[in-house]
Each structure stands twice: as structure tokens, then as C-alpha cells.
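# Structural overview
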Amino acid sequence: MPFAPINGIDFYYESHGSGPAVVFAHGAGGNHLSWWQQIPVFSQRFRCITFDHRAFGLSRDGDGEAKLGRRMFHEDLRELLDRLSIDDVRIVAQSMGGRTAVGFSLRNSGRCKALVLAGTTGGAVDDGVRELQDAHRESEAGKLTLMQRAVSPQLKERASHLDFLYRSIGRLNPPRPKDFLAPIPGYRGSSAERLADADFPVLFLVGRYDAITPPEIIERCHRAVPGSRYEVIEDSGHSAYFEQPQAFNAAVMSFLESTL
């Protein structure tokens with residue numbers, strides 16, 4: 001198995017195909033296996049890198065004071081790409097993976113050539129976005145668990161085997177503290193201005209029925225980043241890459257091809 005010694009842990013990754021490099025950064029409900037419907041497609045054109053964030057899949061976090069959690073997400077990715085001698089990359093990030101993608105791209109000038117933010121604000125929030133987020137948290141959908149909102153109810157009705165597979169992949173992750181992804185208390189920062197000024201294109205993608213980051217929130221993030229692109233994946237919830245892979249792949253492929 002391809003493990004790399006990264007920042008004090010054995011970091012799991014895979015590399016498929018050849019060509020310009022594309023990193024796929026999974027969300028909190030997944031791991032490297034989540035991209036099983038993307039890699040066979042994109043590896044025909046790109047070198048595809050998948051990995052398990054620390055504390056997910058086959059990557060374990062450190063122990064004691066070395067248990068660094070999400071603070072190291074972007075640094076783990078930088079170290080991995082350095083070890084693989086990949087100087088520039090396009091990043092496709094799902095939900096939690098947006099933290100990794102934005103953190104890496106804004107801290108490593110010139111290395112990110114394109115950024116896809118799927119089901120994530122990417123931190124590109126303003127007061128309007130925060131108001132929408134607060135209202136959503138108080139809504140009926142916002143009070144469901146993350147797992148209940150991870151895919152649309154329609155997926156179980158339409159393809160129960162995929163719903164089962166999604167949850168099975170998530171169960172492979174090791175247990176984590178409940179506050180592992182909790183926001184920093186009082187933090188009011190935003191990546192919007194820096195993303196707008198960055199030298200790479202940004203695509204915001206969202207499922208029509210996303211119950212974690214609804215379209216109205218993601219569209220507002222898109223408007224906060226002038227020059228970014230925005231696309232809605234129909235008949236999908238939060239995990240568009242999993243629920244509607246053909247539409248997701250087509251949107252991402254078209255975007256990535258336009259950056260070459």
C-alpha cells in the first residue's frame with residue numbers, strides 16, 4: 001500500500017493515470033474510496049491523486065501532542081505533493097476537503113492551477129452568507145444529523161445500493177472527537193477576497209437538494225468571489241460526485257479542460 005511519512009504520520013495516498021495532476025480531496029463522510037466514480041474517468045486525461053486526510057480512512061492522526069487534526073490538512077497535502085515531485089496541481093474538493101484545498105492553494109502561490117469547490121463554501125463567506133447559514137441551521141433540514149443530510153433522500157429511493165455503499169465507505173473511517181471539525185469560536189475571517197485575487201480559476205458546484213450547503217448559500221459565495229464560476233447539479237443532494245457522477249464529472253472535466 002502507498003503510504004508516505006508525512007508530518008509524523010503514515011499518510012495514505014494513491015496515484016492513477018498520467019498527465020497534468022489533479023488532487024481529489026474527500027469530505028468528512030468519505031475517504032480515498034469515495035472517488036471510485038471519478039478516477040476511472042479522469043485518469044484517462046490526468047494524473048489523479050487521492051488520499052486519506054489524517055484521521056480518515058487508512059491515515060491515522062498522531063498521538064498526544066502530535067495529534068494535530070485538521071490544522072495540518074493543507075500542510076499534509078503540500079508535503080505529499082513535494083514528495084511526489086508535483087509542482088502544480090488542480091484540486092477537486094468535496095465539502096470538508098475545501099479546507100484543505102483553499103488552505104493549500106492560498107499558501108502556495110503558483111502551485112494551484114484550478115480549484116473546484118463542491119458542496120463547500122471554501123471559507124468564502126460574508127455577512128450575507130453567515131445570515132443564510134444561521135437561518136439554515138434553524139430550519140428543519142439544518143437540525144438533521146450530518147449523515148442524514150450527506151446524501152439526498154431520493155438516492156435511497158432511486159439507488160438503494162449506492163446509498164448503502166456511501167454509508168459503508170464512511171464506516172471505514174476511524175472514530176474522531178465530536179468537535180474535530182467544529183469552527184473556531186469567534187472566527188470571522190473569509191477567503192473570498194484572496195480567492196478573487198488568486199491567479200487560478202474557481203468553480204463552485206452544489207447539488208440542487210444539498211441540505212448541508214444549500215444552493216442559495218453557495219451561490220452567495222460565488223458572488224463573493226468575482227470571476228468564479230457556479231453550477232448546480234440537478235437531482236442531487238450534498239454528495240453530487242456520488243449521487244450524480246455523470247453530471248458531476250462532465251461539469252468538472254469541462255472546467256479542468258478549460259484551464260489547460
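As a starting point, this report considers the structure included with it. These numbers come from a predicted model, not from an experiment.

Procedures and definitions
- Residues numbered from 1 in each chain as written.
- Predicted model: local features only at pLDDT ≥ 70, side-chain atom pairs only at ≥ 80, totals over all residues.
- Heavy atoms only, no water.
- Pairing = 2+ DSSP bridges.
- Helix = DSSP H or I, 4+ residues; strand = E, 2+ residues; numbered from the N terminus.
- Right-handed = clockwise from strand over helix to strand, strands pointing away.
- Salt bridge = Lys/Arg side-chain N within 4 Å of Asp/Glu carboxyl O.
- Buried < 20%, exposed > 50% of the residue type's maximum accessible area, 1.4 Å probe, protein only.
- Contact = heavy atoms within 4.5 Å.
- Phe/Tyr/Trp six-rings, centres within 6.5 Å; stacked < 30°, edge-to-face > 60°.
- Lys NZ or Arg CZ within 6 Å of the ring centre and 35° of its normal.

## Digging into the pairing of strand β8 (residues 229-233)
As judged from the five bridges shared by strand β7 (residues 202-207) and β8, these two strands associate in the parallel manner. Bridged to F204 within β8 is Y230. For the segment spanning β7, helix α9 (residues 215-224) and β8, crossover handedness is right-handed.

## Details of the pattern of salt bridges
Enumeration according to the criterion identifies 13 salt bridges in this entry. Across the pair E75 and R78 runs a salt bridge whose closest N-O atoms are separated by 2.5 Å. With E75 and R78 both in helix α2 (residues 73-83), this residue pair falls three residues apart, about one helical turn. Among the charged side chains, a network of salt bridges with common partners joins E75, R78, E79, D82, R83 and R111.

## Topic: α2
Within the span of α2, buried status applies to F73, H74, D76, L77, E79, L80 and L81. If you follow the buried residues of α2, they end up packed against β1 (3-6), β2 (9-16), β3 (21-25), β4 (47-51), β5 (89-94) and α3 (97-107). The first or second residue beyond α2 is S85, which carries a positive phi of 55°.

## Describing the packing of aromatic side chains
Both the distance between ring centres and the angle between the ring planes are used here to describe each pair of aromatic rings. All chains considered together, the criterion is met by eleven aromatic pairs. For the pair F73 and F180, a centre-to-centre distance of 6.3 Å together with 50° between the ring planes defines the contact as tilted. On the criterion of sequence distance, the pair formed by F73 in helix α2 and F180 in the loop between α7 (160-170) and α8 (192-197) is long-range, its members being 107 residues apart. We classify F180 as buried; its relative accessible area is 11%. An aromatic cluster is built from F24, W35, W36, F42, Y166, Y241, F242 and F248, whose rings are joined through pairwise contacts. Sitting above the plane of the F46 ring, R45 keeps its charged end 5.4 Å from the centroid. A cation over a ring is seen here: R176 above F180, with NZ or CZ 5.9 Å from the ring centre.

It is worth stressing that arrangement in space is one thing and function is another; only the former is reported here.
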